[in-house]
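Overview (structure and organization)
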Amino acid sequence: MNKKLSLKNAGTFLVFGGPSIFAFAAVVIIPFIVGLYLTFTNWDVRTGDSSLIGFTNYLEVFRDKVFLQQLWFTLKYVFFTVVIANVFAFFIALALTRGGRGEQWLRTGFFTPNLVGGIVLGYLWQTLFSQVLPYLGAKYGWELFQTSWLTNTGTAFWALIIATAWQLVGYLMIIYIAGFTGVPNDVLEAASIDGAGRTSVIRRIILPLTVPAIVICIFISLSRSFLTYDINLALTKGGPFNSTELATYHIVQKAFLSNQYGVGQAEAVVLFAVVAIIALTQSYLLKKLEVES
Amino acid sequence: MNANRRILPGLRTGFLYLLLFAFLTPFLLIIMNSFKTTQQFFESPLSLPTTINFKNYASAFDNMDFMQGFMNSLIITGISVTIIIIFSAMTGYLFVRYKWKVNSIFFFLMLASMALPFQVLMIPMVMLYGNMGLLNTKLTLLFMYLGFGVPFGVFTFHGFIKGIPYELEESAFIEGSTTLRTFFSIVLPLLKPVFVTLLVLDVLWIWNDYLLPSLVMLSPDQKTLPLSTYTFFSSYSVDYAPLMAGLIMTIIPVLIIYLFLQKQIIKGITEGALK
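Looking at an unreviewed UniProt entry, chain A carries the name Raffinose/stachyose/melibiose transport system permease protein, with the source organism given as Paenibacillus silagei. UniProt lists a comment for chain A under the heading Subcellular location (unreviewed entry), and it reads "Cell membrane". UniProt's Sequence similarities (unreviewed entry) comment on chain A is quoted here verbatim: "Belongs to the binding-protein-dependent transport system permease family."

1. Section: the overall build of chain B
Along its length, chain B carries 13 helices and 0 strands. Secondary structure elements of chain B occur, N-terminal to C-terminal, as α-α-α-α-α-α-α-α-α-α-α-α-α. At 24 Å, chain B has a C-alpha radius of gyration far larger than the 19 Å of a compact globule built from 275 residues. The principal-axis extents of the C-alpha atoms in chain B amount to approximately 75 × 70 × 35 Å. Out of the 275 residues belonging to chain B, those deemed buried represent 52%. When contacts within chain B are restricted to residue pairs at least 6 apart in sequence, long-range pairs at least 24 apart make up 73% of them. On chain B, roughly 12800 Å² of surface is accessible, and the fraction owed to carbon and sulfur atoms is 70%.

2. Some details on the UniProt feature "domain: ABC transmembrane type-1" (unreviewed entry) in chain A
Here, UniProt's "domain: ABC transmembrane type-1" (unreviewed entry) annotation points to residues 71–282 of chain A. Helix makes up 76% of residues 71–282 of chain A and strand 0%. Its end C-alpha atoms lie 19 Å apart.

3. As for helix α2 (residues 56–63) of chain A
Taken as a whole, α2(A) has its buried residues at Asn57(A), Tyr58(A) and Val61(A). Seen end-on, α2(A) carries its buried residues on one side only, within an arc spanning 100 degrees.

4. Looking at the interface of chain B and chain A
How big an interface is tends to be stated in terms of accessible area lost as the parts join. At the junction of the two partners, chain B supplies 86 residues and chain A supplies 85 residues. Summing the contributions of chain B and of chain A, the shared interface buries around 7800 Å²; its carbon and sulfur component is 81%. Where chain B touches chain A, the interface holds 0 salt bridges. At the surface where chain B touches chain A, the tally comes to 15 residue pairs in polar contact (both at pLDDT 80 or more). Ranked by residues supplied to the side of chain B that touches chain A, first place goes to helix α13 (residues 240–274) of chain B with 16 residues. Each residue belonging to the side of chain B that touches chain A can be placed in one class, and the counts come to 66 nonpolar, 15 polar and 5 charged.

5. A closer look at the pattern of salt bridges
Residue and element names in this part refer to chain A. Tallied over the entire structure, the rule returns 3 salt bridges over all chains. Here Asp64 ties to Lys254 by a salt bridge, and the two come within 3.1 Å at their closest N and O atoms. Of this pair, Asp64 sits in the loop between α2 and α3 (65–95) while Lys254 sits in helix α11 (residues 247–257), placing them 190 residues apart in sequence. As far as burial versus exposure is concerned, Asp64 and Lys254 are alike and both buried.

6. Examining the nonpolar core
Formed by 187 residues in total, the largest nonpolar core has its most connected members in Trp125(A), Met173(A), Tyr176(A), Phe256(A), Met122(B), Phe148(B) and Leu212(B). Top element by residues in this core is helix α6 (residues 153–181) of chain A. It accounts for 17 residues. Setting aside its immediate chain neighbours within four residues, Met122(B) contacts Ile251(A), Val252(A), Phe256(A), Leu211(B) and Leu215(B).

7. A closer look at the packing of aromatic side chains
The full count for this structure, using the stated rule, is 47 aromatic pairs over all chains. Their ring planes at 80 degrees and their centres at 6.0 Å tell us that Phe157(B) and Phe195(B) sit as a pair that is edge-to-face. Residue Phe157(B) is found in helix α7 (residues 138–161), and its partner Phe195(B) is found in helix α10 (residues 192–208); the two are separated by 38 residues along the sequence. Given a relative accessible area of 0%, Phe157(B) falls into the buried group. Cluster of aromatic residues (ring-pair linked, three or more members): Phe110(A), Trp125(A), Phe129(A), Tyr140(A), Trp142(A), Phe145(A), Trp149(A), Trp166(A), Phe23(B) and Phe27(B). Here Lys76(A) stacks its cationic end above the ring of Phe157(A), 5.7 Å away from the centre of that ring.

8. Comments concerning the UniProt feature "transmembrane region" (unreviewed entry) in chain A
All names here are of chain A. Sequence positions flagged by UniProt for "transmembrane region" (unreviewed entry) are, in local numbering, residues 12–40, 77–97, 109–136, 156–180, 201–222 and 268–286. Helix makes up 93% of residues 12–40 and strand 0%, whereas the separation of the span's terminal C-alpha atoms amounts to 40 Å. As annotated, residues 77–97 comprises 90% helix and 0% strand, and the C-alpha atoms at either end are separated by 30 Å.

9. Describing helix α12 (residues 225–236) of chain B
For α12(B), with 12 residues, the first-to-last C-alpha span of 16 Å sits near the 16 Å given by 1.5 Å per residue. Restricting attention to buried positions, one finds in α12(B) the residues Leu225(B), Pro226(B), Leu227(B), Ser228(B), Thr229(B), Tyr230(B), Phe232(B) and Phe233(B).

10. With respect to a nonpolar patch on the surface
Residues and elements named next belong to chain B. Taken together, the side chains of Phe61, Met67, Met71, Leu74, Ile75 and Ile79 make up a nonpolar region of the molecular surface, amounting to roughly 480 Å² of accessible area. With 5 residues, helix α4 (residues 66–97) is the single largest residue contributor to the nonpolar patch. A residue is classified by how much of its surface remains accessible, and Phe61, at 33% relative accessible area, is partly exposed.

11. Things to note about the confidence of the model for chain B
Segments scoring low in pLDDT should not have their predicted coordinates read at a detailed level. With 96% of its residues at a pLDDT of at least 70, chain B reaches an overall mean of 86. Here the prediction assigns the complex a pTM of 0.90, and the interface score ipTM is 0.88.

12. Some words on the packing of helix α5 (residues 101–113) of chain B against α7(B)
All names here are of chain B. Contact pair α5 / α7: the axes reach a minimum separation of 9 Å and the direction vectors enclose 115 degrees. Taken as a pair, α5 and α7 cross one another with a handedness that is left-handed. Here Phe107, Met110, Leu111 and Ser113 of α5 come into contact with α7, specifically with Val150, Pro151, Val154, Phe155 and His158. Partitioned by chemical class, the residues of the contact of α5 with α7 number 7 nonpolar, 2 polar and no charged.

13. What about the environment of Pro212(A)?
All names here are of chain A. Position of Pro212 relative to the elements: it lies in helix α9 (residues 211–226). The class for Pro212 is partly exposed, based on a relative accessible area of 35%. Each C-alpha atom, one on Pro212 and one on Tyr176, is 9.6 Å from the other, the two residues being 36 residues apart in sequence.

The rules we used
- Residues numbered from 1 in each chain as written.
- Chains lettered and ligands numbered in written order.
- Predicted model: local features only at pLDDT ≥ 70, side-chain atom pairs only at ≥ 80, totals over all residues.
- Heavy atoms only, no water.
- UniProt positions renumbered as here; feature names shortened; annotations may be inferred.
- Helix = DSSP H or I, 4+ residues; strand = E, 2+ residues; numbered from the N terminus.
- Rg over C-alpha atoms; globule rule 2.2 N^0.38 Å.
- Buried < 20%, exposed > 50% of the residue type's maximum accessible area, 1.4 Å probe, protein only.
- Contact = heavy atoms within 4.5 Å.
- Areas by Shrake-Rupley, 256 points an atom, 1.4 Å probe, with all protein chains shown as cover.
- Arc of directions from axis to C-beta.
- Buried area = accessible area lost by both parts, 1.4 Å probe.
- Salt bridge = Lys/Arg side-chain N within 4 Å of Asp/Glu carboxyl O.
- Polar contact = N/O pair within 3.5 Å; in protein donor to acceptor, adjacent residues only side chain to side chain.
- Nonpolar A, V, L, I, M, F, W, Y, C, P; charged D, E, K, R; others polar.
- Core = buried A, V, L, I, M, F, W, Y, C linked by side-chain atoms within 4.5 Å.
- Phe/Tyr/Trp six-rings, centres within 6.5 Å; stacked < 30°, edge-to-face > 60°.
- Lys NZ or Arg CZ within 6 Å of the ring centre and 35° of its normal.
- Expected span 1.5 Å × (residues − 1).
- Patch = residues over 30% accessible without salt bridge, like charges linked within 9 Å, V, L, I, M, F, W, Y side chains within 5 Å.
- pLDDT = per-residue confidence, 0-100.
- Axes fitted to C-alpha atoms, helices over the stretch in contact; angles between N-to-C directions.
- Left-handed = near helix turned anticlockwise from the far one by under 90°.

Shown next as structure tokens:
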């Protein structure tokens, strides 16, 4: 079917492509272009005034100590979330691909936190961190839990990581399981006949053969945690004293509460660039380790 | 050796169930305490409830306007998932079977856009649609979900339709069937496995989404369930017992779907991620 697009079959194009292409253009392409333009203007929401101001907004982004601090906070949060979630997911998946009884149920169980949206998840953990853990701390005298984790910047940071990783683990586990099922059984058998121990099987066979799954999992966890918004909103609301504002939270505040649309959009573009650079670098580096089975 | 073989897997499974139990404790604690009074919860959050009463559920149901949020979420999720699936299937078919230049340009743009995070689009989007006075209606939100959902939908259908032999459709065309009719009576029924994948991923995404509706649906009667949960929590903040009941009620609808579709859901996630 290599007919040229002509008046006669323009109808086919409109009927089959019309609605989705129109919605896609109106929601993705046009806002993307307008968004880039916006970063070069000083558009004011109240007066409606707007003029081109060059790179001023971007300079503002890099001069804004608060945003840079929060970007650094976000980077640390992403790093620990990605590492913790992936390590746990990897080993749980490994334990759940041996064909034992009840594996289906266990997988189903570990996946359940993913049914819950960020808002509900955030409030669930907020209840635990602000009420249940301090109760344990008081009852058993555990100093770590005496005060709510959410009232101190350092512990609130870990609270955010725990809540996010708790959800991610089940999701990544599913992908790791799919990756492990792709490891040929005869390779594993040959290794065990040759007397390879469990650790060396994991290190020398399973890890190299599941690089594609690892790349995907790190990619997914990177982009999901970089863009966390609702868990942050429900769990800490950026507090105490704005010290736990992740980048997205900061951007929403900047744009919609302080009406600095141009700067907010410039921050969003910077954040996107950071995510893209890190995600691409990691897949490039990991892909180099990939081997053929 | 033999005894080892029998005991070890049992131990391993036992350990895994224990781990799962610990993993799911947050849920268990919330469920347990949603049946107590707030006073009882403060005094002993770890004890089992002595009575099962649904007072907290009734109070949460009224105070968070559960029915309204639920209906809004149901309508928005139901309609947007349906239109995303139908329109992306049609567009995927168009892109596979007609090699026009426009088609490859749009297909490329859609693929590229999947790397774009929502955060880059939200500010200009709210600005543009706000200027046109289009915020605060379900129609706008549905349209936006269609626009955001189409790239992944088209991509997924594209990959699947490529594998369907063209001969099936050719014979229909020879007998004089129109493209539209051929698509709906021959191609669409073959796409069922992809439907399930997309259905699962899009339902989980749209049902639980907070950021987009929070920017678009500003008036109280337009709130989706995550928005009602947010309002309820931020205005009720000390009375924990009804709050926990509210959380459980928000989770239940998805949990029911999950219990029926768990195999497909897990398959959907795997396929969605590996594509």
